[in-house]
Amino acid sequence: MPSRVEFREDRCKGCLLCTEVCPTGIIQQSSRFNQKGYKVTEIAPDRMNECKGCAFCAMMCPDYAINVFTTKQAKGGKK
Amino acid sequence: MTQEIRVTNYPEVLTDRPSHYCPGCHHGTAHRLVAEAITDLGLVDKTILIGSIGCSVFIYNYLSLDAIESPHGRAPAVATGVKRARPDKIVFTYQGDGDLASIGMAEIMHCANRGENITTIFVNNTVYGMTGGQMAPTTLVGQKTTTCPGGRCRENEGMPIRMTEIIASLGGVAFAERVAVNNVKNIMKAKKAVAKAFEYQTKEIGFSFVEVLATCPTNWRMTPLQANKRVETEMIPYFPLGNYKDVLAKEEK
Amino acid sequence: MSTPKRIFIKGNEAISRGALAAGMKCFFGYPITPQNDIPEFLSQALPDAGGEFVQAESEVAAANMLMGAAACGIRAMTSSSSPGMSLKQEAISYMAGSEIPGVLVNVSRGGPGLGDIGPSQGDYFQAVKGGGHGDYHLLVLAPGTVQEAYDLTIKAFDLAFKYKNPVMVLADAIIGQMKEPVVPWVPENLDPNEGQDWGLQGAKGRDPRLIKSLFLDDGALAGQNLKLQAKYQSMRAEVDQELFLTDDAELIVVAFGSIGRIVKSTIRKLRAQGKKVGLVRPITLFPFPSEVLLKLAKEGKRFLTIEHNMGQMVEDVRLSIRTVADSAFHCQLPGNLPTPDDFEEPILKALEG
């Protein structure tokens, strides 16, 4: 099931703790600085499809900068 | 047909304000575990926060609760006053290692010993963070700080204090556990321990205590990742994780 | 009309009973001579009345427990004596800065340091000028009789909540340990909702309340200090003093607390000899009855301050009358119990000029 991660770059402090815990190793430091001067983390857009939606990254983030979404099969048909 | 659902649900009691904590500081994680515990237990509306002195003095900016700022080390005494005045409320202190184990040693010991029905979250990062990295009662032997620049040595400074073990030995204590938040597995255990501590407060069976081993990358002169590693390699061996007292635990035969 | 019931009790007990009558719900104390009767009495009487009593691990802890309880809008009190009061100063500063209505009782003894266990008035500076850090003031009430100790303890709670400020009842070992008849009374119309519009109680259905004294933003601490000073200025409405035979007096003795009452005896004796002496006995030490003293000074009267310390309140007397007059000073040495005879010669000497 496809999952995706949103990084709230204004909150990221570039601590990289999320990169340590991602089981698929797809989180990386970007080359972008946010307004506070921190180099923010990202998942390369072409690797987002590898995200398993485990949200380990969000659990580890001390700054609540990560939102994780996943998809599930909606119940089909009316009863 | 697929539906997107949100996996990460941050409790409402956590404000949206970006924190002043350093990159890689574990305070934010510890705050979140408290927020999750009181939210899941339905306690938010009746919780009163007793802040302390340290980097976390601004915790009231991050948790939307009735709160009071207490003098350095005195949070357990202030909490005692609050709980005796309002016994039906959930009262907790959030303290660092200088606040709790140095200047506040008498207050935490006696609050715990009296069995006050309050919860203390003790964030131990082996250093005085806010004031620039001085030695703390929990600084490890050999660890360099600004007031033991050659590294803490037993002959001059004594040994680091293991608070959870001491607190667990006191009669009024219902629950005492040491946790860490340096990896996901430990975070999950920490979450359970913090929740249990607050749950025990609702049962009015005594004092509950959770020590959270944490990082201070800035004053350890490390990167956040290095600091996180230090929790595992240096802190946990001296401050073992686990439950040290649980009056409701079933005895194992 | 029947005579109201009187009980023959120590000052310490009167203070405890007054606090209970005022609706005190929490008391936090620690043993120290000469005020142990207070925690001992309350350890039984307060739980009997449905309140909470805690013997804290130290005076420091007790003062901080007071801060916590009072921050919930609850009537709460702590008591101690001089060295213990020194320990409470940080918490007092926090309570003043955070505007928390705690009541503190100091049954003062001799100092400095360990001193003795007898009476003195050596804590005037600490109480009135601020033993804690920063620009703040306690409202300070000084009883001179055991009945007054009862009455002023009740008043202390009312004033603490009226001004959202810590209030101190400054007694001494004489008042604390002596027994006198007291007519106990219970204030009517205690407000059951007192403190509930600002106290900590869990933020159900409203914005959270934050009680703090830290103001780091630009201009914030300045604003807080201006606010506090304005409050202290408004406290002048509570000035209280006893004037005894001052109208035709040539010499005004200024004395507070137990010394004030002893001086009254001396004055009665001297009046019988035709000496024109009077007494101003400040009952509120802060706010200080400066206007009353200045008025008397402008009438041409002379002044003698008598205190059981090495000269503390005399500075405030001199400040009050400085544009017009000065005050002589007689020191009753801390460590020596005063009698009315002790003050005869100093008063006569000051009268002669």
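Residues numbered from 1 in each chain as written. Chains lettered and ligands numbered in written order. Predicted model: local features only at pLDDT ≥ 70, side-chain atom pairs only at ≥ 80, totals over all residues. Heavy atoms only, no water.

1. Some words on the overall build of chain C
(1) Moving on: In terms of regular secondary structure, chain C is built from 13 helices and 15 strands.
(2) Moving on: Taken over the C-alpha trace, chain C has a radius of gyration of 20 Å; the compact-globule value for 353 residues is 20 Å, and the two agree within 12%.
(3) Moving on: The buried share of chain C, taken over its 353 residues, is 58%.
(4) Moving on: Here the contacts in chain C between residues at least 6 apart in sequence split such that 79% fall between residues at least 24 apart.
(5) Moving on: Both charge centroids of chain C, one from 35 positive and one from 41 negative side chains, sit 4 Å from each other. (Helix = DSSP H or I, 4+ residues; strand = E, 2+ residues; numbered from the N terminus. Rg over C-alpha atoms; globule rule 2.2 N^0.38 Å. Buried < 20%, exposed > 50% of the residue type's maximum accessible area, 1.4 Å probe, protein only. Contact = heavy atoms within 4.5 Å. Lys, Arg positive; Asp, Glu negative; His and termini not counted. Charge placed at Lys NZ, Arg CZ, Asp CG, Glu CD.)

2. Here's the deal with the overall build of chain A
(1) Moving on: For chain A, the helix and strand inventory stands at 2 helices and 4 strands.
(2) Moving on: Buried residues in chain A amount to 53% of all 79 residues.
(3) Moving on: Looking at chain A as shown, the accessible area adds up to about 4,400 Å², and 51% of this sits on carbon and sulfur atoms.
(4) Moving on: The average position of the 13 basic charges and that of the 8 acidic charges among the side chains of chain A differ by 11 Å. (Areas by Shrake-Rupley, 256 points an atom, 1.4 Å probe, with all protein chains shown as cover.)

3. Quick word on the state of the cysteines
(1) Moving on: In total, this model carries 0 disulfides over all chains according to the counting rule given.
(2) Moving on: No disulfide involves Cys-18 of chain A; its nearest neighbouring cysteine sulfur is the one of Cys-15 of chain A, lying 6.1 Å away.
(3) Moving on: Cys-72 of chain C provides the cysteine sulfur closest to Cys-111 of chain B, a residue in no disulfide bond, and the two sulfurs are 14 Å apart.
(4) Moving on: Assessed through its relative accessible area of 0%, Cys-111 of chain B is described here as buried. (Disulfide = S-S within 2.5 Å.)

4. Side note on the packing of aromatic side chains
We describe a pair of aromatic rings using the distance from one ring centre to the other and the angle between the two ring planes.
(1) Moving on: Across all of its chains, the model carries 13 aromatic pairs over all chains by this definition.
(2) Moving on: Between the aromatic rings of Phe-92 of chain B and Phe-198 of chain B, the centroid separation amounts to 5.3 Å while the plane-to-plane angle is 75°, which identifies the pairing as edge-to-face. Note that Phe-92 of chain B is positioned in strand S4 (residues 90–96) and Phe-198 of chain B in helix H7 (residues 184–203), a separation of 106 residues in sequence. Taken individually, Phe-92 of chain B and Phe-198 of chain B each receive the classification buried, so the pair is uniform in this respect.
(3) Moving on: Grouped by ring-pair contacts, the aromatic residues Phe-122, Phe-207 and Phe-209 of chain B constitute a single cluster.
(4) Moving on: The positively charged end of Arg-4 of chain A is found above the aromatic ring belonging to Phe-69 of chain A, 4.2 Å away from the centroid.
(5) Moving on: Of note, Lys-212 of chain C hangs over the ring of Phe-215 of chain C, and the distance from its end group to the ring centre comes to 4.7 Å. (Phe/Tyr/Trp six-rings, centres within 6.5 Å; stacked < 30°, edge-to-face > 60°. Lys NZ or Arg CZ within 6 Å of the ring centre and 35° of its normal.)

5. Notes on the interface of chain B and chain A
(1) Moving on: At the interface, 34 residues of chain B touch 31 residues of chain A.
(2) Moving on: Among the residues of chain B in contact with chain A, Glu-4, Val-184 and Leu-225 of chain B are the three that bury the most area, contributing 19% of the side total.
(3) Moving on: Joining chain B to chain A, the criterion identifies 3 salt bridges.
(4) Moving on: Salt-bridge contacts for Arg-11 of chain A lead to Asp-16 of chain B; the nearest nitrogen and oxygen are separated by 3.6 Å.
(5) Moving on: Inspection of the chain B/chain A interface yields 17 residue pairs in polar contact (both at pLDDT 80 or more). (Buried area = accessible area lost by both parts, 1.4 Å probe. Salt bridge = Lys/Arg side-chain N within 4 Å of Asp/Glu carboxyl O. Polar contact = N/O pair within 3.5 Å; in protein donor to acceptor, adjacent residues only side chain to side chain.)

6. Looking at the sheet that holds strand S5 (residues 119–124) of chain B
(1) Moving on: The strand order S8(B)-S6(B)-S7(B)-S5(B)-S4(B)-S2(B)-S3(B)-S9(C) describes an open sheet built from 8 strands, whose pairing is mixed. Because the sheet does not close on itself, it has two edges, and the strands there are strand S8 (242–246) of chain B together with strand S9 (210–211) of chain C.
(2) Moving on: Pairing geometry for strand S6 (residues 173–180) of chain B and S8 of chain B, over 4 bridges, is antiparallel. Bridged to Phe-175 of chain B within S8 of chain B is Asp-246 of chain B. (Pairing = 2+ DSSP bridges.)

7. Some points on the layout of surface pockets
(1) Moving on: Put simply, the largest pocket is a space of about 840 Å³.
(2) Moving on: Broken down by secondary-structure element, the contributors of at least two residues to the lining of the largest pocket are helix H3 (97–103) and helix H8 (217–220) of chain B together with helix H5 (89–98) and helix H9 (220–234) of chain C.
(3) Moving on: Looking at the lining of the largest pocket, its residues break down into 21 nonpolar, 20 polar and 4 charged. (1 Å grid on protein atoms, 1.4 Å probe; cavity = no way out; pocket = protein on both sides within 12 Å on 5 of 7 lines; lining within 4 Å. Points joined across faces, edges and corners; volume = space filled by probe spheres on them. Nonpolar A, V, L, I, M, F, W, Y, C, P; charged D, E, K, R; others polar.)

8. Here's the deal with helix H2 (residues 37–48) of chain C
All names here are of chain C.
(1) Moving on: Here H2 contains 12 residues, and its C-alpha end-to-end distance of 17 Å stays within 8% of the 16 Å for a straight helix at 1.5 Å per residue.
(2) Moving on: When we look at burial in H2, the residues that qualify are Ile-38, Pro-39, Leu-42, Ala-45 and Leu-46. Each buried residue of H2 sits inside an arc of 145° when the element is viewed along its axis, so together they form one side. Exposed side chains of H2 directed beyond 90 degrees from the buried face belong to Glu-40, Gln-44 and Asp-48.
(3) Moving on: One or two positions beyond H2, positive phi appears at Gly-50, with a value near 85°. (Expected span 1.5 Å × (residues − 1). Arc of directions from axis to C-beta.)

9. Details of the confidence of the model for chain A
(1) Moving on: With 92% of its residues at a pLDDT of at least 70, chain A reaches an overall mean of 92.
(2) Moving on: The lowest-confidence element of chain A is strand S4 (residues 66–73) of chain A, averaging 93 in pLDDT; the highest-confidence one is helix H2 (residues 56–60) of chain A, averaging 98. (pLDDT = per-residue confidence, 0-100.)

10. What about the pairing of strand S3 (residues 52–55) of chain C?
(1) Moving on: Relative to S3 of chain C, strand S2 (residues 26–29) of chain C is paired through 4 bridges, and the arrangement is parallel. Among the inter-strand pairings, Phe-28 of chain C is bridged to a residue of S3 of chain C, identified as Val-54 of chain C.

11. A word on helix H9 (residues 224–238) of chain B
(1) Moving on: In this model H9 of chain B runs 21 Å from its N-terminal to its C-terminal C-alpha over 15 residues, within 8% of the 21 Å that 1.5 Å per residue would give.
(2) Moving on: Of all the bends found along H9 of chain B, the most pronounced is centred on Arg-230 of chain B and spans about 35°. (Bend = angle between axes of the 7 residues up to and from the residue.)

12. Considerations on the packing of helix H10 (residues 257–272) of chain C against helix H13 (residues 340–352) of chain C
Residue and element names in this part refer to chain C.
(1) Moving on: At a minimum axis separation of 9 Å, H10 and H13 run at an interaxial angle of 65°. The angle between H10 and H13 places the two elements in the roughly perpendicular class. The crossing of H10 and H13 is right-handed. Across from Ile-259, Ile-262, Val-263, Ser-265, Thr-266, Lys-269 and Leu-270 in H10, the residues of H13 making contact are Pro-340, Asp-341, Phe-343, Glu-344, Ile-347 and Leu-348.
(2) Moving on: Among the residues forming the contact of H10 with H13, the class breakdown is 8 nonpolar, 2 polar and 3 charged. (Axes fitted to C-alpha atoms, helices over the stretch in contact; angles between N-to-C directions. Parallel < 35°, antiparallel > 145°, perpendicular 65-115°, else oblique. Left-handed = near helix turned anticlockwise from the far one by under 90°.)

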